[in-house]
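Single-letter residue listing:
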Amino acid sequence: MKFLKGTKIYSIFTGTCPVCQSESMYTTTNPYKISSTLKMKERCSHCHTKYKIEPSFFYGAMYVSYPVGLIFAGFAFFLCYLIFGLSLMATYAIIVVEMVLVLPIVLRLSRNIWINFFMHYGHPLKGKQRT
Ligand SMILES: [Zn+2]
């Protein structure tokens, strides 16, 4: 992954600060520690970027989680129904179980994608950012 450093792909898949990509935005790197899946640091300790740029900022990640979830579900459908030839009911059951199991990953990926819409590598936000 190191060769991707500086790209949004790197920040999205590693959950690192979108501006300096030096450290994780989350208090724990393991998304499956359910009590702290969405616990984020207030600021980056390297570049002091404030992650939550306005109140309820990460509610917008909800809009991102839908297409991200669809990608996971579509992949399971492709694998189960089209490749392995399972019935539609079996495929559906597998997708439901899969959606529960990948929920922490979908939540974090959505937040990472959402914050990367607004922040760019090497370009901290100006104005309210330093308050
Ligand atoms: Zn940073």
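The rules we used
- Residues numbered from 1 in each chain as written.
- Predicted model: local features only at pLDDT ≥ 70, side-chain atom pairs only at ≥ 80, totals over all residues.
- Heavy atoms only, no water.
- Donors = N, O, S within 2.8 Å, 3.2 Å for Na, K, Ca; no water.
- Tetrahedral: all angles 85-135°; square planar, octahedral: opposite > 155°, others 65-115°.
- Buried < 20%, exposed > 50% of the residue type's maximum accessible area, 1.4 Å probe, protein only.
- Core = buried A, V, L, I, M, F, W, Y, C linked by side-chain atoms within 4.5 Å.
- Helix = DSSP H or I, 4+ residues; strand = E, 2+ residues; numbered from the N terminus.
- 1 Å grid on protein atoms, 1.4 Å probe; cavity = no way out; pocket = protein on both sides within 12 Å on 5 of 7 lines; lining within 4 Å.
- Points joined across faces, edges and corners; volume = space filled by probe spheres on them.
- Nonpolar A, V, L, I, M, F, W, Y, C, P; charged D, E, K, R; others polar.
- Expected span 1.5 Å × (residues − 1).
- Arc of directions from axis to C-beta.
- Contact = heavy atoms within 4.5 Å.

Where an unreviewed UniProt entry is consulted, the chain appears under the name DUF983 domain-containing protein, with the organism given as Zobellia uliginosa.

**Student:** How would you summarise the coordination of the zinc ion if you had to cite specific residues and measurements?
**Tutor:** The coordination sphere of the zinc ion, as far as protein atoms go, consists of C17 (SG), C20 (SG), C44 (SG) and C47 (SG), spread over 2.2 to 2.3 Å. Between the four donor atoms coordinating the zinc ion, the angles at the centre fall across 102 to 114°, so the site counts as tetrahedral. Looking at C17, the relative accessible area reads 0%, which means it is buried. In this structure C47 comes out as buried when scored by relative accessible area, which is 18%.

**Student:** Give me the lowdown on the nonpolar core, citing residues and values where you can.
**Tutor:** In this structure, C17, Y51 and I115 are the most contacted members of the largest nonpolar core, which totals 21 residues. Elements with a minimum of two residues in this core: α2 (61–83) and α4 (103–118). Per-element accounting of this core gives the leading share, four residues, to α4.

**Student:** I'd love a proper account of the layout of surface pockets, names of residues and values included.
**Tutor:** The calculated volume of the largest pocket comes to roughly 360 Å³. Together, 17 residues line the largest pocket, and L38, K52, F58, Y59 and R111 are the ones closest to its centre. Secondary structure elements with two or more residues in the lining of the largest pocket: α2 and α4. Residue composition of the lining of the largest pocket, grouped by class: nine nonpolar, three polar and five charged. In this model, the second largest pocket occupies a volume close to 150 Å³. Taken together, 13 residues make up the lining of the second largest pocket; nearest its centre are F13, T14, G15, R108 and N112. At the level of secondary structure, the elements contributing two or more residues to the lining of the second largest pocket comprise α1 (8–14) and α4. The element best represented in the lining of the second largest pocket is α4, accounting for five residues.

**Student:** Break down helix α3 (residues 88–101) for me, with residues and values.
**Tutor:** Along its 14 residues, α3 runs 20 Å from first to last C-alpha, staying within 8% of the 20 Å computed at 1.5 Å per residue. Of the residues making up α3, those classed as buried are T91, I95 and E98. In a view along the axis of α3, the buried residues occupy a sector of 65°, so they form one face of it. With respect to the buried face of α3, the exposed residues turned more than 90 degrees away are M89, Y92 and V100. Summarising the contacts, the buried residues of α3 are in contact with α2.

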